[in-house]
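# Overview (structure and organization)
Spelled out, the chains give:
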Amino acid sequence: MITLRMGLAFTSTTLLVLLLILGLSKGQMEEEEKLKGVTPPPKSCLCELQNLGAAFPWQEFQIVHSFSSNCTQTLTKQEFIEVDSLLASLYYRLQNLEKDVKDFEADFDTGLYSVISLRIIEIELTEISSLLLKLNQTSHNKKALLDNLTAQMQTMADKLEEIEQFDRMHVVQRQQESKRIKRSLKECEAELEATPAPVTTPAPGNCPFGRLLNITGPNSFMVTQYSTSYPYGAWGMDPIPAPGKEDRHWLVILTSSNVYGNYIRMYNSHSDLVAAKQVEDITVTSSATTTNSIMGPGSVIYNNAYYYNCYSSSRVCRFDLTYKNISTMELPGAGSSNKFPYCQPSSCFQYTDIDLATDESGLWVIYTSQAKFGNVILSRLDANNLTLLQTWYTSLQKKIITNAFMACGVLYATRFIDSSYDEVFYSFDTTTGVERSTLAFPFKKMSTNIQHLNYNPRNHMLYVYNDAYILTYQAVFG
């Protein structure tokens with residue numbers, strides 16, 4: 001028995017009959033409306049959503065994102081390399097000053113000092129003062145930059161903390177935890193798989209002080225004592241000098257047609273080179289145009305021997321500075337006598353086909369051949385008996401580069417930018433065989449053409465002969 005609110009009593013059977021009647025009546029009404037063309041109103045559901053929490057701070061998020069982008073553009077590695085480069089130049093200058101003062105004291109004790117010696121010291125002090133001013137200014141600018149960035153980064157960190165409060169599903173927290181677990185797992189796996197490295201001699205290309213980051217300078221520059229009469233030549237220091245000759249500098253001038261030479265000028269120090277005093281001329285051959293005389297500016301001194309391209313040939317000559325004898329070796333198929341010189345867009349540097357180079361791993365020769373279609377060939381030489389130890393082939397055309405040098409078993413090549421700048425743009429690693437042409441290390445020249453460029457592993461300096469100017473640059477590694 002079911003009792004309704006009106007007080008009427010119905011049996012369950014009676015109620016069921018009434019519901020069926022009502023259902024049929026509603027169905028009949030809908031069917032009649034369809035026959036009459038009347039469409040029943042559409043069914044719809046409306047609900048009201050009220051967000052009681054704070055709105056997501058989109059504006060704050062955009063500020064943080066904008067600052068992050070600006071910080072990446074402002075804080076580049078160049079900002080840090082600049083200070084390192086200035087410190088390296090200052091260190092080099094202080095070494096020169098110490099040496100010049102010692103030379104002056106020695107000359108003063110013997111009564112041989114001159115105004116030139118004082119002038120050299122004065123020049124060194126002036127350049128050191130200039131470097132200190134640049135270093136102070138740079139350090140001040142960098143400090144202001146870092147202070148500003150520190151304040152902005154603190155603001156960004158605070159805003160990020162506020163934004164993270166809207167991460168109610170803890171997505172960021174779980175991602176950070178996942179990264180931490182993965183990092184711990186990798187460290188654990190590395191520890192399990194690690195084996196002690198055998199003690200070996202570093203192969204070419206493995207630089208203990210890092211890769212090349214920049215070329216700074218010039219640290220020193222001057223015109224040779226011949227003025228600009230002879231634009232072709234070479235100069236430098238011995239990477240493995242004889243005892244007592246650690247400060248000796250050498251200079252070779254190609255006095256015959258800017259192509260050939262037959263003697264080496266030796267100076268006991270850089271100061272002597274600047275003052276053109278205490279000169280020792282070492283004769284290599286009887287004349288500049290005879291068998292085994294010097295051809296081209298691509299020569300070096302290594303371990304008390306002078307290496308160069310022999311006169312009118314594709315041979316490499318070795319002149320022993322102690323015993324004054326010459327030995328030679330043939331470079332198989334090598335182009336010479338202006339077949340494959342270094343070039344810039346408007347001209348080529350004559351007789352630069354065969355270029356000797358030095359680095360931490362020894363003596364090298366850079367050249368090419370017809371068989372390799374003018375692509376650079378690189379060979380490591382035995383400095384004592386002039387045998388080829390190993391040869392590498394590159395895809396770099398020799399005639400599109402202005403010069404090249406070796407450093408830590410890596411070949412670096414330069415290209416012409418304009419009359420004031422060249423740029424290191426290419427490298428070839430002899431260990432991995434990897435070539436890169438995306439480097440960008442511009443350096444300033446004193447004149448348009450670079451005839452000679454070589455790296456000295458003893459002081460990480462580049463020695464350049466630039467249209468009768470002799471310059472040094474600092475190679476920055478890290």
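Residue positions are given per chain, counted from 1 along the sequence in the order it is written. Side-chain atom pairs in this predicted model are given and counted only at pLDDT of 80 or more, local residue features only at pLDDT of at least 70, and totals for whole chains, interfaces and linings cover all residues. Side-chain measures here rest on the full set of heavy atoms in the structure, leaving out hydrogens and waters.

## Things to note about the state of the cysteines
We call a pair of cysteine sulfur atoms a disulfide whenever their separation is within 2.5 Å. Applying the stated criterion to the full structure yields two disulfides. A sulfur-sulfur separation of 2.0 Å characterises the disulfide bridge that pairs C310 with C317. Because the torsion about its S-S bond is 125 degrees, the bridge between C310 and C317 counts as right-handed. Pair check on accessibility: C310 and C317 agree, each one buried. Residue pairing for C343: its cysteine sulfur links by disulfide to C348, the two sulfurs lying 1.9 Å apart. The disulfide joining C343 to C348 has a torsion of about 90 degrees about its S-S bond and is therefore right-handed. Summary of the burial criterion: residues with accessible area below 20% of their type's maximum are buried, those above 50% are exposed, and those between are partly exposed, where the area comes from a 1.4 Å probe applied to protein chains only. C348 gets classed as partly exposed once you look at its relative accessible area, which sits at 39%.

## Some remarks on the sheet that holds strand β14 (residues 362-367)
Strand pairing requires that DSSP identify at least two bridges connecting the strands. For helices the rule is a DSSP run of H or I covering at least 4 residues; for strands it is a run of E covering at least 2, with both sets numbered from the N terminus onward. Taken in spatial order, the four strands make up an open sheet running β13-β14-β15-β16, and their pairing is antiparallel. Every other strand in the sheet has two partners, leaving β13 (355-359) and β16 (388-397) as the edge strands with one partner each. The sheet shows a mean angle of 25 degrees between the axes of neighbouring strands, taken without regard to direction. A fitted line through C-alpha atoms represents every axis, and for helices the fit uses only the stretch in contact; the resulting angles, taken between N-to-C directions, go from 0 to 180 degrees.

## Section: the packing of aromatic side chains
Under the pairing criterion, centres of Phe, Tyr and Trp rings, with the six-membered ring standing for Trp, must be within 6.5 Å; the plane angle then separates stacked pairs below 30 degrees from edge-to-face pairs above 60, leaving the rest tilted. Evaluation of the coordinates by the stated rule reveals 12 aromatic pairs. Summarising the aromatic geometry, the rings of Y260 and Y351 are spaced 6.1 Å apart at their centres and angled 55 degrees between planes, so their arrangement reads as tilted. Of the two residues, Y260 sits in strand β6 (residues 260-261) while Y351 sits in the loop between β12 (326-330) and β13, which places them 91 residues apart along the sequence. The interplanar angle of 40 degrees and the centroid separation of 5.5 Å between the aromatic rings of W364 and W392 together place this pair among those described as tilted. One end of the pair, W364, is in strand β14; the other, W392, is in strand β16, and 28 residues separate them in sequence. Judged on exposure class, the residue W364 and its partner W392 are both buried. Taken together, F209, Y455 and F477 form an aromatic cluster joined through their ring pairs. Only lysine NZ and arginine CZ atoms are considered, and such an atom sits over a ring when it is within 6 Å of the ring centre and within 35 degrees of the ring normal. Lying over the aromatic face of Y393, K372 brings its terminal NZ or CZ to 4.4 Å of the ring centre. When the ring centre of Y342 is taken as reference, the NZ or CZ atom of K398 above it lies at 3.8 Å.

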